[in-house]
Amino acid sequence: MKIYCLNLVNLTKVPYEKLKLMVSEERGKKADGKKKLEDRYKCLYTELFLRYVFEDNGFCTENFKLFYNECGKPYYDKIRYFNISHSDEWIVIAIGATEIGVDIERIKEGRNRSLESIFKQSENDYINSFPKYEQCRYITQIWTLKESYVKYLGKSIIEELKNFSVDPLNKRIITKEGEPLLELKVGSMLFEEDYYLSFCSEETVTEMINVSIEDLHYMEPNP
């Protein structure tokens, strides 16, 4: 499994209307529906980034169109095993040979404190084992691990949260009956100091690949 990471610095460097010419008509309409200009750009770059990742792994992206399951998990043509997440200035895409879930979240003091009420006792015990000033970091770690598993399943996080817990020390998903899912590999990493990035798959991560916005501009149409 590979994880590609796109940093969205210089997001608005290319004129918006010019960038729209690089994506599918469907994605352009979706971007136009966003209220904030920054969100419009992120929407366009999400498709460009997906196409970059697919082509880097030997897949054609001509006539690009994403499909979604009933819970919103995307798939594309013959490429079923990928997943995407974004937070602030980062988009990450995981791709492999088996089902995958990936999640990235920025660590923001106080924003995730309410999540403690929906965590399992073992998860809260893990969080509370750290000093108060560090706990927001580990709340984010637990949340991204949980989200990566639900995204692996391709289900609604609201429906699934009560059915499992995560064990970040032993890198395991634990069922509500207390059994570890030994066939799954989960992991999390502190990313760029103020993000947590977590994944869930039957595979291990073999490569982390950083991508810049400029790397995507090869799709720019001819003048």
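Whatever comes next refers back to the structure up there.
**Quick word on the sheet that holds strand 10 (residues 195-201)**
Move 1: Read across the sheet, three strands follow the order 6-10-9 without closing on themselves; strand pairing throughout is antiparallel. Each edge of the open sheet carries a strand with a single partner, namely strand 6 (100-106) and strand 9 (185-191). Across the sheet, the axes of successive neighbouring strands diverge by a mean angle of 10°, strand direction being ignored.
Move 2: Here strand 6 pairs with strand 10 via seven bridges, running antiparallel. Residue pairing in the sheet places Glu105 in a bridge with Tyr196 of strand 10.
Move 3: Docked against the sheet, helix 5 (residues 135-153) engages strand 6, strand 9 and strand 10, running at close to 155° with respect to strand 6.

**Some points on the packing of aromatic side chains**
Move 1: Under the counting rule described, the total for this entry stands at nine aromatic pairs.
Move 2: When the centroid spacing of 5.0 Å and the interplanar angle of 75° are considered together, the rings of Phe54 and Phe82 count as edge-to-face. Placement of Phe54 in helix 3 (residues 37-56) and of Phe82 in strand 4 (residues 82-87) is noted, with a sequence separation of 28 residues between them.
Move 3: Residue Phe54 is classed as buried on the basis of its relative accessible area, which comes to 0%.
Move 4: Taken together, a centroid distance of 6.3 Å and an interplanar angle of 15° make the contact between Tyr149 and Tyr152 stacked.

**Some points on the pairing of strand 5 (residues 90-95)**
Move 1: Within strand 5, six of the six residues are buried, which leaves it mostly tucked inside the rest of the structure.
Move 2: Residues Trp90, Val92 and Ala94 of strand 5 are buried on one face, and the alternating residues Ile91, Ile93 and Ile95, pointing to the opposite face, are buried as well.
Move 3: Here six bridges tie strand 1 (residues 2-7) to strand 5, and the two strands are oriented antiparallel to one another. By the bridge assignment for strand 5, Leu6 is matched with Ile91.
Move 4: The sheet contact formed by strand 4 and strand 5 spans six bridges and is antiparallel. Bridge assignment links Asn83 to a residue of strand 5, and that residue is Ala94.
Move 5: Here strand 4 folds back onto strand 5, and the loop between the two strands holds two residues, one of which, Asp88, carries a positive phi near 50°.

**Observations concerning the side chain of Thr98**
Move 1: As for its position among the elements, Thr98 is in the loop between strand 5 and strand 6.
Move 2: Residue classification places Thr98 among the buried positions, given a relative accessible area of 18%.
Move 3: A polar contact of 3.2 Å, which involves the side chain of Thr98, links it to the side chain of Ser201.
Move 4: With residues near it in sequence (within four places) discarded, Thr98 still touches Tyr81, Ser201, Glu202 and Glu203.

**Focus on unusual backbone geometry**
Move 1: Notably, Asn10 is not glycine yet its phi reads approximately 55°, a positive angle.
Move 2: Despite not being glycine, Asn63 has its phi angle at roughly 55°, a positive value.
Move 3: Within the secondary structure layout, Asn63 lies in the loop between helix 3 and strand 2 (67-68).
Move 4: According to the relative accessible area criterion, Asn63 is exposed, its value standing at 71%.

What counts as what
- Throughout, residues of each chain are indexed from 1 in the direction in which the sequence is written.
- Local features in a predicted model are, by the rule used here, given only for residues with pLDDT of at least 70; side-chain atom pairs are given and counted only at 80 or more, and totals for whole chains, interfaces and linings are based on all residues.
- As a convention, hydrogens and water are excluded, and side-chain values are obtained from all of the structure's heavy atoms.
- Here the rule is simple: two strands pair whenever DSSP picks up at least two bridges between them.
- Per the convention used, a helix needs a DSSP run of H or I reaching at least four residues, while a strand needs a run of E reaching at least two, with both numbered from the N terminus.
- Here an axis means a line fitted to C-alpha atoms, over the contact stretch when the element is a helix, while the angle between two N-to-C directions is reported on a 0 to 180 degree scale.
- Contacts are residue-level and defined by heavy atoms, with any inter-residue pair within 4.5 Å sufficient.
- Any two of the Phe, Tyr and Trp rings considered here, Trp counted by its six-membered ring, make a pair once their centres fall within 6.5 Å; the pair's planes then place it as stacked at under 30 degrees, edge-to-face at over 60, or tilted in between.
- Remark: exposure states derive from per-residue accessible area (1.4 Å probe, protein chains only) relative to the maximum for the residue type, with buried under 20%, exposed over 50%, and partly exposed in between.
- N or O atoms closer than or at 3.5 Å make up a polar contact, with two conditions inside protein: a donor-capable atom paired with an acceptor-capable one, and, for residues adjacent in sequence, both atoms drawn from side chains.

Don't take any of this as a statement about function, it's just geometry.
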